[in-house]
Amino acid sequence: MAALICGSLAFDTIMRFEGRFAEQIMPEQLHILNVSFLVPSLRRDFGGCAGNIAYSLKLLGGEPLPMATLGTDGADYLARLRSLGISGEFVRQVDDTYTAQAMIMTDSDNNQITAFHPGAMMQAHVTRIEARPDIKLGIISPDGRDAMLQHADQFKAAGIPFVFDPGQGLPMFDGADLRGFIDKATWVTVNDYEGKMLSDRTGWSSAEISKRTQGLVVTLGAEGCEVWTAGEKTIVPPVKAREVVDPTGCGDAWRGALLHGLEQGWPLARCAELGNKVGALKIASRGPQNWVM
């Protein structure tokens, strides 16, 4: 059975700043901010939430179906998906625009500054979700605003259970939008910062959100996860990485593991446990091609 993964495909430029952002930015001078960071190491990766989640799920033996858009420069990404055995059936190329691009800089404390150009992602809503016997579940990860809204409606209409994981796209939506997503979704996942914003904007606590769905997971970074079901909270402890190399993409690796567990019919806490293990493997690697299960 396949999992439909709605989200971005992007080229990531990953940079490492060997100092600390906090030592370079003076709070009293933020109104005239003008800073430059020396980044001795730089690499380009195939990224984007849909691509990263699909990669993780494929490694775990799943059948991911990324639904995303690429620009005219996207041929290399399509070739990459084919080389990994990942279907490009729902990947569409858009003329006269670039593939989404993320420029990510990480400091020695693993804080990150990201600049993101959405490019072709802004036309992701053109591709529709339809019911299909082999599609067992799906996920809405960060994508174009219209795509996220329309795909939630289409998942619901098709009777396909799905995870709502708004990530960095959450600020695009007001309380009414977010309440609509939650009422259509089967599961919701956010990190602790996003979880606070989600509760503030909807007026619903984590307990209440979990009662409106089959469960809510709030990831806590190095502290593990909160798993909420039927209003009750369970703490899933973290898995310590053998070393901290690069946190980029760890959340997406976690999401791929979550989908794998849900496909198997596991309880949500067990899915989160696997997510923590896979995230620990990813954070100890130097790129998506270097981490192994």
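Preceding block: the structure.
Calculation notes
- Residues numbered from 1 in each chain as written.
- Predicted model: local features only at pLDDT ≥ 70, side-chain atom pairs only at ≥ 80, totals over all residues.
- Heavy atoms only, no water.
- Buried < 20%, exposed > 50% of the residue type's maximum accessible area, 1.4 Å probe, protein only.
- Helix = DSSP H or I, 4+ residues; strand = E, 2+ residues; numbered from the N terminus.
- Pairing = 2+ DSSP bridges.
- Axes fitted to C-alpha atoms, helices over the stretch in contact; angles between N-to-C directions.
- Right-handed = clockwise from strand over helix to strand, strands pointing away.
- Contact = heavy atoms within 4.5 Å.
- Left-handed = near helix turned anticlockwise from the far one by under 90°.
- Phe/Tyr/Trp six-rings, centres within 6.5 Å; stacked < 30°, edge-to-face > 60°.
- Lys NZ or Arg CZ within 6 Å of the ring centre and 35° of its normal.
- Polar contact = N/O pair within 3.5 Å; in protein donor to acceptor, adjacent residues only side chain to side chain.
- Salt bridge = Lys/Arg side-chain N within 4 Å of Asp/Glu carboxyl O.

Peer 1: Break down the pairing of strand β2 (residues 10-16) for me, with residues and values.
Peer 2: Among the seven residues that make up β2, six are buried, leaving the element largely enclosed by the rest of the structure. The pairing of β2 with strand β3 (residues 41-47) spans seven bridges and is classified as antiparallel. Note on β3: the bridge partner recorded for M15 is L42. Looking at chain direction, β2 and strand β6 (residues 100-106) are connected through seven bridges and run parallel. Note on β6: the bridge partner recorded for D12 is A102.

Peer 1: Quick rundown of the sheet that holds strand β12 (residues 225-229)? Include the residues and the values.
Peer 2: The mixed open sheet is built from nine strands, whose spatial order is β5-β4-β1-β8-β9-β10-β11-β12-β13. Since the sheet does not close on itself, it has two edges, and those belong to β5 (91-93) and β13 (232-236), each with one partner. Strand-to-strand twist of the sheet, defined as the mean angle between neighbouring strand axes without regard to direction, takes the value 20°. Here strand β8 (residues 135-140) runs beside strand β9 (residues 162-164); their pairing, made up of three bridges, is parallel.

Peer 1: Describe the pairing of strand β10 (residues 187-191), naming the residues involved and giving the relevant values.
Peer 2: The element β10 is largely enclosed, with a buried count of four among its five residues. Strand direction decides the pairing type here: β9 and β10, joined by two bridges, are parallel. Paired with F164 across the two strands is V188, which belongs to β10. At this point the chain moves from β9, through helix α5 (residues 175-184), to the parallel β10, and the crossover so formed is right-handed. In the sheet, β10 pairs with strand β11 (residues 216-219) via four bridges, with the strands oriented parallel. Among the inter-strand pairings, V188 is bridged to a residue of β11, identified as L216.

Peer 1: Explain the environment of I235 residue by residue, including any values.
Peer 2: Following the sequence through the fold, I235 ends up in strand β13. Sequence-distant contacts of I235, that is, excluding residues within four places in its chain, are made with C225 and E226.

Peer 1: An account of the packing of helix α4 (residues 145-158) against α5 is requested, with residue identities and associated values reported.
Peer 2: As a packed pair, α4 and α5 sit with axes 9 Å apart at the nearest point and diverge in direction by 30°. Of the two elements, α4 crosses α5, and the hand of that crossing is left-handed. Contact residues: α4 offers R145, M148, L149, A152, D153 and K156, while α5 offers D177, F181, D183 and K184.

Peer 1: Let's hear about the packing of aromatic side chains: which residues, and what values?
Peer 2: Taken as a whole and judged by the stated rule, the model has nine aromatic pairs. Centre to centre, the rings of F21 and F37 are 5.2 Å apart; their planes meet at 70°, and the pair counts as edge-to-face. Placement of F21 in helix α1 (residues 21-24) and of F37 in the loop between α1 and β3 is noted, with a sequence separation of 16 residues between them. Looking at F21, the relative accessible area reads 7%, which means it is buried. Judged by centre distance (5.0 Å) and plane angle (15°), the rings of F155 and F162 are stacked. The residues F155 and F162 share a single accessibility class, namely buried. Within the aromatic cluster, the residues linked to one another by ring pairs are F11, F46 and Y77. Sitting over the face of the ring of W266, R270 holds its NZ or CZ atom 3.8 Å from the ring centroid.

Peer 1: Mind laying out the sheet that holds β3, listing which residues take part and the relevant values?
Peer 2: Taken together, four strands build an open sheet; the order of strands is β3-β2-β6-β7 and the sheet is mixed. Either end of the sheet is taken by a strand with one partner, and the two such strands are β3 and β7 (112-117). Put simply, the sheet's adjacent strands are angled 15° from each other on average, direction ignored. When β6 meets β7, the two strands line up antiparallel, connected through six bridges. Each residue of the ladder has a partner; that of Q101, found in β7, is H117.

Peer 1: Describe in detail α5, supporting the description with residues and values.
Peer 2: Turning to α5, its buried residues number three or more, namely G175, D177, L178, G180, F181 and I182. With a side-chain oxygen lying 3.2 Å from the backbone nitrogen of A176, the N-terminal cap of α5 falls on D174.

Peer 1: Describe the pattern of salt bridges, naming the residues involved and giving the relevant values.
Peer 2: All told, the structure shown has 15 salt bridges when counted by the stated rule. Ionic pairing is found between D165 and R255, a salt bridge with its closest N-O pair at 2.4 Å. Placement of D165 in the loop between β9 and α5 and of R255 in helix α8 (residues 250-263) is noted, with a sequence separation of 90 residues between them. Here K233 and E226 are joined by a salt bridge, their closest N and O atoms 4.0 Å apart.

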